Amino acid sequence: MSNTAMVEKYRSNFLKEVAENVEEGEWVRMCMQCGVCSGSCPMGPHWEHPPQELFMMIRANKREEVLSSSSMWMCTSCYNCIARCPRELPITHIMHGLAHYAKRLGLAPKENPTNKFSQRFWDNLTKTGRVNELKLGLSLYFMNGFVEGIKTALKMKDVGMGMLKTGRMNPLEILGGHGVKDKSGFQAMLKKAQELEAARVDK
Ligand code: SF4
Ligand code: SF4
């Protein structure tokens, strides 16, 4: 379902929309705004909106601000917040769920580095069924443009040489590398999973 259709369907009830569409989103209504999660989050002070604030914004119907926020993309899954939440909210999963939902609706911030990384990782993996680390590394170096890519490659050259010497990197991987045996079966499985997901979302 598109973003416009979702806005129409939930008509300013973002809490309900989150409960019905975001992984573990039904837990948000249990938050008592104590702030323990934000206080425990090692990343929170560097974010625009730490978890408690995002949950408050969901209840306040700040749909656009929440879904376009870069904060949930920065969650490192350290689980500090989950271990300390007095209401036992699965905060980490909600954070990833919100990022996934924003991505699905096309609202995720495009310049967010985690978003860029996850897209590159997905594209790399789904080509052959196995991650081609050399190609993934290079695509990450160059994701902010050619000049930045060259600068990063030069900065990392000692690490790269070390990996080559110890056999941890095979330069021939650039030609294609390994993949799963049944690539067409793998592609068919992905296609089916995407169809099932689209049918679930359209319900
Ligand atoms: S610790 Fe739990 S209850 Fe407290 S603000 Fe965070 S999510 Fe809400
Ligand atoms: S799991 Fe994510 S939101 Fe929770 S404390 Fe760690 S970084 Fe913060």
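Since the model is a prediction, treat every value here as computed from it, not as a measurement.

Asks: So, the site of ligand 1: which residues are in play, and what are the values?
Replies: By nearness alone, 13 residues border ligand 1, and C31, C34, G35, C37 and C85 come closest of all. Looking at the shell around ligand 1, the elements that each hand over two or more residues are α3 (36–40) and α4 (51–59). Looking at the shell around ligand 1 residue by residue, the class counts come to ten nonpolar, three polar and no charged.

Asks: Outline the site of ligand 2, listing residues and values.
Replies: Lining the immediate environment of ligand 2, one finds C41, P42, W47, P51, C75, T76, S77, C78, Y79, N80, C81 and T92. Within the shell around ligand 2, the residues separate by chemical class into eight nonpolar, four polar and no charged.

Asks: Residues and numbers for the environment of W27, please.
Replies: Considering the arrangement of structural elements, one finds W27 in the loop between α2 (14–21) and α3. When the C-alpha atoms of W27 and F55 are compared, they prove to be 9.8 Å apart, with 28 residues separating the residues in sequence. Every residue in contact with W27, bar those within four places of it in the chain, is listed here: R87, E88, L89, P90 and I94.

Asks: Talk me through the domain arrangement of the protein chain; I want residue IDs and the actual numbers.
Replies: By domain assignment, the protein chain separates into domain 1 (3–104) and domain 2 (113–202). The C-alpha-based centres of domain 1 and domain 2 are spaced at 29 Å. On the side of domain 2, seven residues touch domain 1, which itself brings five residues to the contact. Note on domain 1 versus domain 2: buried area summed over both sides is about 540 Å², and carbon and sulfur give 49% of it. Here domain 1 is connected to domain 2 by one salt bridge. Among the salt bridges present, the one from R104 reaches E197, with a minimum N-O distance of 3.5 Å.

Asks: Please provide a residue-by-residue account of the nonpolar core, values included.
Replies: In terms of nonpolar packing, the biggest core is built from 32 residues, with F55, I58, I91 and L98 touching the most fellow members. When residues of this core are traced back to their parent elements, those giving at least two are α1 (3–10), α2, α4, α5 (63–67) and α7 (91–104). Considering each element in turn, this core owes the most residues, seven residues, to α7. Not counting the four nearest positions on each side in its chain, L98 is found in contact with V18, V22, L54, I58, V66, L67 and M72.

Asks: Which residues make up a nonpolar patch on the surface, and what values do they have?
Replies: A cluster of nonpolar residues, L138, L172, I174 and L175, forms a patch on the protein surface that exposes about 410 Å² of accessible area. Position of L175 relative to the elements: it lies in the loop between α11 (157–165) and α12 (183–202).

Analysis parameters
Residues numbered from 1 in each chain as written. Chains lettered and ligands numbered in written order. Predicted model: local features only at pLDDT ≥ 70, side-chain atom pairs only at ≥ 80, totals over all residues. Heavy atoms only, no water. Near = heavy atom within 4 Å. Helix = DSSP H or I, 4+ residues; strand = E, 2+ residues; numbered from the N terminus. Nonpolar A, V, L, I, M, F, W, Y, C, P; charged D, E, K, R; others polar. Contact = heavy atoms within 4.5 Å. Domains from an automatic or database assignment. Buried area = accessible area lost by both parts, 1.4 Å probe. Salt bridge = Lys/Arg side-chain N within 4 Å of Asp/Glu carboxyl O. Core = buried A, V, L, I, M, F, W, Y, C linked by side-chain atoms within 4.5 Å. Buried < 20%, exposed > 50% of the residue type's maximum accessible area, 1.4 Å probe, protein only. Patch = residues over 30% accessible without salt bridge, like charges linked within 9 Å, V, L, I, M, F, W, Y side chains within 5 Å. Areas by Shrake-Rupley, 256 points an atom, 1.4 Å probe, with all protein chains shown as cover.

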